[in-house]
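Report on the structure
Listed below, chain by chain, are the residues.
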Amino acid sequence: MNYALCIKKGGEKMKKITVGILAHVDSGKTTLTEAMMYVSGNIRRLGRVDHKDSFLDNFALERDRGITIFSKTALMNYQNTEFYLLDTPGHVDFSAEAERAVQVMDYAVLVISGSDGVQSHTATLWQLLRKYRIPTFLFVNKMDLESADKDTVMAGLKKKLSDGCVDFGEKSREKLYENIALCDDHLLDKYYEDEVISESDIKKAIQNRKLFPVFFGSALKVEGVDAFLDALDHYTEMPDYPETFGARVFKISQDASKARLTFLKITGGALSVRDILKSDKNKDSEKVSQIRIYSGEKFTAVETAEAGTVCAITGVGFTRPGDALGEEEGDTLPVLEPVLSYSVILPDEVDPHSAIKDFRQLESEDPLLRIVWDERNRRIGIELMGEIQLEVLRSVIKERFGYDADFSSGSIIYKETIANTVEGVGHFEPLRHYAEVHLILKPLKRDSGLVINTKCKEDLLDRNWQRLILTHLYEKTHIGALTGSPITDMEISLVSGKAHAKHTEGGDFREATYRAVRQGLRSAKSVLLEPYFSFTLEVPIENIGRAMSDVTMMSGSFSPPVTEGESAVLIGEAPVSEMREYAGAVIQYTRGKGRLNCTLKGYDVCHNADEVIKRIGYDADSDVENTADSIFCSHGAGHTVKWNEVPEHMHLSSALRKEADKPSVSQTRADFSRYKSTDDIFALDKELMEIFEKTYGPVKRRTADSHKKPQRTTLSFNENKKKKPSPLNLNQKEYLLIDGYNVIFSWEHLKAIAEDNIDSARNTLINILCNYRGFKKCELILVFDAYKVKGDHREVEREGNIDVVYTKEAETADTYIEKVSHELSKNHKVRVVTSDRMEQLIILGNGAIYVSSKEFYEEVKTAEQEIRVIIRSNA
């Protein structure tokens with residue numbers, strides 16, 4: 001039974017589709033939503049944002065400022081579809097509100113301003129949609145303005161978003177089909193065979209984010225909206241929902257009577273009034289009092305909500321945005337994080353202990369609002385995204401709780417990470433207590449967050465103790481040693497630990513775990529991080545010099561300016577601490593003609609770390625609540641051992657030292673020129689050699705007498721077959737064979753490109769390898785699978801200075817590489833780039849050397865750095 005279908009009068013089944021409307025601020029998103037509701041006949045009067053009477057912007061501050069602050073829901077019936085529209089905020093300060101709505105969308109509508117094109121926050125929203133893999137339609141608005149140019153906007157969409165953006169307003173059906181076919185190899189094949197593309201294929205391409213339909217119009221003048229609605233109805237398909245109940249929470253708010261509302265989407269089965277909902281976190285269970293279907297401020301109460309329905313429920317108090325209920329999988333966390341910190345200044349008559357309850361309630365509704373309670377000073381601190389969010393918070397506090405709260409000037413939220421891999425050891429052994437924990441702290445790439453796992457064997461430490469240690473790692477916000485800021489961008493792995501059969505209690509591992517993290521941080525080279533903006537700065541041409549100078553003074557970086565008419569556009573990144581108040585300066589020196597758009601890029605190395613560390617004045621040794629020292633037992637009493645002396649007293653051996661003592665096969669294999677024969681390589685890679693001999697039998701090695709010239713090693717699998725060894729020429733030509741698709745799906749940035757367009761990923765790899773080939777001067781052959789393509793001939797193309805091979809039908813890249821490496825290795829040095837383990841075995845048997853795709857990535861990056869050095873030195 002499919003609960004997603006509801007029955008209309010007359011027995012007609014309707015599909016339920018959740019569509020989110022997203023846009024950069026002032027692109028006309030709410031106006032488009034209003035126009036869609038009006039054209040579909042769901043509202044009788046067309047409101048306007050500038051007239052402060054729009055159907056969805058009903059919060060007072062929204063109408064005053066003319067922006068959307070909170071996501072809104074609207075029910076829109078059109079043709080054979082029941083649409084649940086989610087109007088999301090467009091301002092960067094409320095990106096988290098938009099992100100939470102994205103999590104429950106079936107499809108998205110990204111609104112683009114026809115006069116501005118793709119802006120900074122548009123790109124951020126596009127990344128969110130790609131992260132959650134939401135099929136997307138695009139509506140280019142404000143095409144009634146003189147500054148709007150269709151061709152320019154379309155070129156910008158293809159360049160900045162995806163080649164899959166296709167103008168569905170194209171009048172020529174044949175040309176439309178051609179443009180659609182170019183988005184996907186499967187569609188292209190079908191188009192060449194049938195000269196048409198079926199409706200089902202178009203729907204599938206949209207669902208798989210290969211195709212992004214684009215429509216042009218003016219929401220204010222209701223132009224192009226009807227055609228857009230027809231397409232939404234025609235090209236959307238309802239998901240298949242399971243029969244068991246599931247739901248995803250995306251918003252928490254209050255109604256006029258202060259009843260708590262949990263907005264959610266039913267993702268399976270059905271939910272009825274008086275059903276019991278249970279929390280996976282604290283095992284709470286509460287009964288649903290009411291189910292409401294909201295459309296703007298008004299709602300309709302229903303007894304049952306089926307799968308695909310977006311509704312609000314009352315009576316449940318444990319939910320938080322992002323929670324998964326029932327059979328819905330895993331809670332989701334926001335990609336974005338607050339970057340500014342403020343102290344709350346309360347009126348004299350308001351008790352801080354009472355006020356903290358009010359703030360906790362607001363925190364439960366917004367994951368991007370963090371409340372920090374300072375018990376010692378009885379002071380409330382908040383962390384949020386920006387100034388506008390602060391203004392909203394002030395307004396909500398006044399409206400809900402009846403008092404005026406003020407805030408101190410905001411400060412930047414710094415973070416800390418490490419630059420090297422270290423081992424952290426924590427030991428806790430007062431009398432009749434015992435626990436020792438060993439952790440490996442490893443730096444990760446920027447914006448990776450904190451990754452916690454266990455690599456400890458259960459014969460070293462029982463599974464239950466390991467789970468307890470992981471719980472203690474998760475439960476606390478661990479702070480760094482430089483400024484006491486939260487740590488990020490590192491992997492913390494449990495690698496060893498020890499308990500006592502009699503004396504160990506649960507709290508002992510808490511103490512040992514905290515101390516192990518802290519001891520590792522004190523031992524590592526710490527790095528201070530600060531938030532950065534990605535910015536787009538548009539100023540009159542005569543002001544571009546001032547703009548470039550300002551950004552440089554702010555320790556920012558930027559690409560060469562681009563001239564657009566009488567304006568110049570500067571795109572770059574800069575610290576939030578320097579640029580957060582720059583918008584006012586731009587308006588002043590450009591006399592209102594300039595425009596600055598900023599989007600949070602993430603965290604990177606602090607540009608003035610020494611100054612910040614000195615200003616904060618954090619003393620790690622004085623922080624007794626976050627001590628790095630351990631407690632050992634001696635002569636029947638516990639005593640403290642300083643953190644830097646712990647390795648001399650710890651009871652377990654160092655896990656990191658053990659790892660360092662192991663020979664690095666990949667390191668020795670990478671330096672090919674050091675070894676005169678494949679015999680040396682096999683001796684180094686013992687694991688591969690064992691697998692190879694188990695598969696193919698013992699390897700016979702023929703060596704020449706010591707007084708003769710160095711001989712090439714021959715691998716013989718037949719004792720009766722004699723082959724004269726050939727001398728090794730150290731000056732022979734080197735060939736590099738690369739398995740193209742193996743590399744694309746092993747390199748993260750190419751993999752991300754391939755998800756949207758595999759052709760773009762191939763071209764990007766080809767360009768990278770042309771640069772590498774020019775620097776390394778080797779013969780480079782790039783091989784791509786084409787075994788599903790009809791035809792018995794192989795295609796070889798010369799791209800720049802490399803050869804690109806597309807294999808023939810029924811021939812894989814592996815097969816081709818194995819044949820070619822066998823022939824070339826007879827007289828040349830041959831290296832093969834692949835991470836396929838079986839292929840590596842065969843390559844070694846052919847006398848070639850293999851390099852994994854990830855190792856090759858590091859080689860390419862090193863080559864690029866050396867190229868840059870040469871260019872700078874010759875400049």
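All of these numbers come straight from a predicted model, not from anything done at the bench. (Residues numbered from 1 in each chain as written. Predicted model: local features only at pLDDT ≥ 70, side-chain atom pairs only at ≥ 80, totals over all residues. Heavy atoms only, no water.)

Quick look at the overall build of the protein chain now. Along its length, the protein chain carries 28 helices and 41 strands. In the protein chain, once contacts between residues fewer than 6 apart in sequence are set aside, the share between residues at least 24 apart is 68%. Surface summary for the protein chain: the accessible area is close to 42600 Å², and the carbon and sulfur share equals 48%. (Helix = DSSP H or I, 4+ residues; strand = E, 2+ residues; numbered from the N terminus. Contact = heavy atoms within 4.5 Å. Areas by Shrake-Rupley, 256 points an atom, 1.4 Å probe, with all protein chains shown as cover.)

This part covers empty space enclosed by the protein. One pass over the structure, following the stated rule, counts two cavities of 30 Å³ or more. Here the largest cavity defines a volume of roughly 70 Å³. Along its surface, the largest cavity is lined by K476, H478, I479, Y514, V517, R518, L521, N626 and T627. Class assignment for the residues of the lining of the largest cavity results in four nonpolar, three polar and two charged. (1 Å grid on protein atoms, 1.4 Å probe; cavity = no way out; pocket = protein on both sides within 12 Å on 5 of 7 lines; lining within 4 Å. Points joined across faces, edges and corners; volume = space filled by probe spheres on them. Nonpolar A, V, L, I, M, F, W, Y, C, P; charged D, E, K, R; others polar.)

A grouping of E174, E178, D185, D189, E193, D194 and E195 is seen on the molecular surface, where their side chains present a negatively charged patch. Elements represented by at least two residues in the negative patch include exactly helix 6 (173-181) and helix 7 (185-194). Per element, the largest residue contribution to the negative patch is four residues, and it comes from helix 7. The exposure class of E195 is exposed, given its relative accessible area of 59%. (Patch = residues over 30% accessible without salt bridge, like charges linked within 9 Å, V, L, I, M, F, W, Y side chains within 5 Å. Salt bridge = Lys/Arg side-chain N within 4 Å of Asp/Glu carboxyl O. Lys, Arg positive; Asp, Glu negative; His and termini not counted. Charge placed at Lys NZ, Arg CZ, Asp CG, Glu CD. Buried < 20%, exposed > 50% of the residue type's maximum accessible area, 1.4 Å probe, protein only.)

All right, on to the sheet that holds strand 36 (residues 734-739) then. Overall, mixed pairing links the six strands, which are arranged 38-39-37-36-40-41 in an open sheet. Each edge of the open sheet carries a strand with a single partner, namely strand 38 (795-799) and strand 41 (849-851). Within the sheet, the average angular offset between the axes of one strand and its neighbour, ignoring direction, is 25°. In this sheet, strand 40 (residues 829-833) lies alongside strand 36 in parallel orientation, the contact comprising five bridges. Note on strand 40: the bridge partner recorded for L736 is R831. Contacting strand 36, strand 37 (779-784), strand 38, strand 39 (802-806) and strand 40, helix 25 (residues 758-776) crosses the sheet at an angle of about 165° to strand 37. (Pairing = 2+ DSSP bridges. Axes fitted to C-alpha atoms, helices over the stretch in contact; angles between N-to-C directions.)

Turning to the pairing of strand 27 (residues 450-454), a few remarks are in order. Within a regular beta strand, the side chains point alternately toward one face of the sheet and then the other, so they alternate between its two faces. Taken together, the five bridges between strand 27 and strand 28 (residues 490-499) define a ladder with parallel strand orientation. Bridge pairing in strand 28 places T454 opposite L494. For the crossover from strand 27 across helix 12 (residues 463-475) to strand 28, the handedness is left-handed. (Right-handed = clockwise from strand over helix to strand, strands pointing away.)

The next subject is the environment of S654. Of note, S654 is situated in the loop between helix 18 (646-649) and helix 19 (655-661). With 229 residues separating them in the primary sequence, S654 and V425 have C-alpha atoms 8.9 Å apart. In this structure the side chain of S654 is engaged in a polar contact, spanning 3.4 Å, whose partner is the backbone nitrogen of L656. (Polar contact = N/O pair within 3.5 Å; in protein donor to acceptor, adjacent residues only side chain to side chain.)

It is worth spelling out the nonpolar core at this point. Residues M36, V109 and L157 are the most contacted members of the largest nonpolar core, which totals 95 residues. Not counting the four nearest positions on each side in its chain, V109 is found in contact with V19, G20, I21, L22, L32, F137, F139, F228 and L232. Core analysis: the second largest hydrophobic core is formed by 53 residues, V339, I397, A405 and C606 among them. (Core = buried A, V, L, I, M, F, W, Y, C linked by side-chain atoms within 4.5 Å.)

On to the pattern of salt bridges, then. With the rule as written, the count across this model stands at 33 salt bridges. Here D116 makes a salt bridge to R595, at a shortest N to O gap of 3.0 Å. On the criterion of sequence distance, the pair formed by D116 in the loop between strand 5 (107-113) and helix 4 (120-131) and R595 in strand 33 (residues 595-605) is long-range, its members being 479 residues apart. For R595, a relative accessible area of 34% translates into the label partly exposed.

Of all the eleven residues making up helix 1 (residues 29-39), nine are buried; the element is thus mostly covered by neighbouring parts of the structure. When helix 1 is considered as a whole, its buried residues turn out to be K29, T30, T31, L32, T33, E34, A35, M36 and M37. Phi turns positive one or two residues past the end of helix 1, at G41, with a value near 85°.

Bringing the sheet that holds strand 9 (residues 246-254) into the picture now. Pairing is antiparallel in the open sheet, where six strands are placed in the order 15-14-17-10-9-18. Lying at the two open borders of the sheet, with one neighbouring strand each, are strand 15 (298-302) and strand 18 (324-326). Ignoring which end each strand starts from, the neighbouring axes of this sheet average 40° apart. Here strand 10 (residues 260-268) runs beside strand 17 (residues 310-314); their pairing, made up of four bridges, is antiparallel. Across the sheet, the residue bridging to F263 is A312, located in strand 17.

Across the nine residues of strand 32 (residues 567-575), seven count as buried, placing the element largely inside the fold. Note that strand 31 (residues 562-564) and strand 32 share three bridges and pair antiparallel. When the bridges of strand 32 are listed, T563 appears paired with A568. Joining the antiparallel neighbours strand 31 and strand 32 is a turn of two residues, in which G565 adopts a positive phi near 65°.

Moving on: the packing of aromatic side chains. Summed over all chains, the structure comprises 17 aromatic pairs. Their ring planes at 55° and their centres at 6.1 Å tell us that Y107 and F137 sit as a pair that is tilted. In this pair, Y107 is assigned in strand 5 and F137 in strand 6 (residues 136-141), connecting sequence segments 30 residues apart. For the pair shown, Y107 and F137 are each scored as buried. Judged by centre distance (6.4 Å) and plane angle (25°), the rings of F401 and Y403 are stacked. What links up through ring pairs into an aromatic cluster is the set F139, F168, F215, F228 and Y235. Over the ring of Y132 we find K131, and its NZ or CZ is 5.3 Å from the ring centre. The side chain of R209 reaches across the aromatic face of W126, ending 5.2 Å from its centre. (Phe/Tyr/Trp six-rings, centres within 6.5 Å; stacked < 30°, edge-to-face > 60°. Lys NZ or Arg CZ within 6 Å of the ring centre and 35° of its normal.)

Its location among the elements puts D508 in helix 13 (residues 506-523). Within the buried set, D508 has no salt-bridge partner at all; the shortest N-O distance to an opposite charge, 8.2 Å, is to R510. Separated by 3.3 Å, the side chain of D508 and the backbone nitrogen of Y434 make a polar contact. When residues no more than four places from it in sequence are discounted, the contact partners of D508 are F428, H433, Y434, A435 and H503.

As a further point, take the packing of helix 6 against helix 7. It is at 8 Å that the axes of helix 6 and helix 7 come closest, and there the two elements cross at 140°. Within the contact between the two elements, helix 6 uses E174, Y177, E178, I180 and A181 and helix 7 uses L187, L188 and Y191. Tallied by class, residues from the contact of helix 6 with helix 7 come to six nonpolar, no polar and two charged.

As a further point, take the side chain of T262. With respect to the helices and strands, T262 occurs in strand 10. Within the structure, T262 has its side chain in polar contact with the side chain of T319 (distance 2.8 Å). If we skip the residues at most four places from it in the chain, T262 touches V249, K251, I252, C311, A312, I313, V316 and T319.

Before going further, it helps to examine helix 6. Among the residues making up helix 6, those that are buried are L176, Y177, I180 and A181. Looking straight down helix 6, one finds its buried side chains confined to an arc of 135°; they lie on one side. (Arc of directions from axis to C-beta.)

Of all residues in the protein chain, 83% have pLDDT values of 70 or greater, and the mean over the chain is 82. Under a pLDDT of 50 for its full length, residues 1-11 has, in the predicted model, 30 contacts with residues more than four places off or in other chains. Across residues 663-697, confidence stays below pLDDT 50; counting only partners more than four residues off in sequence or on other chains, it has 49 contacts. (pLDDT = per-residue confidence, 0-100.)

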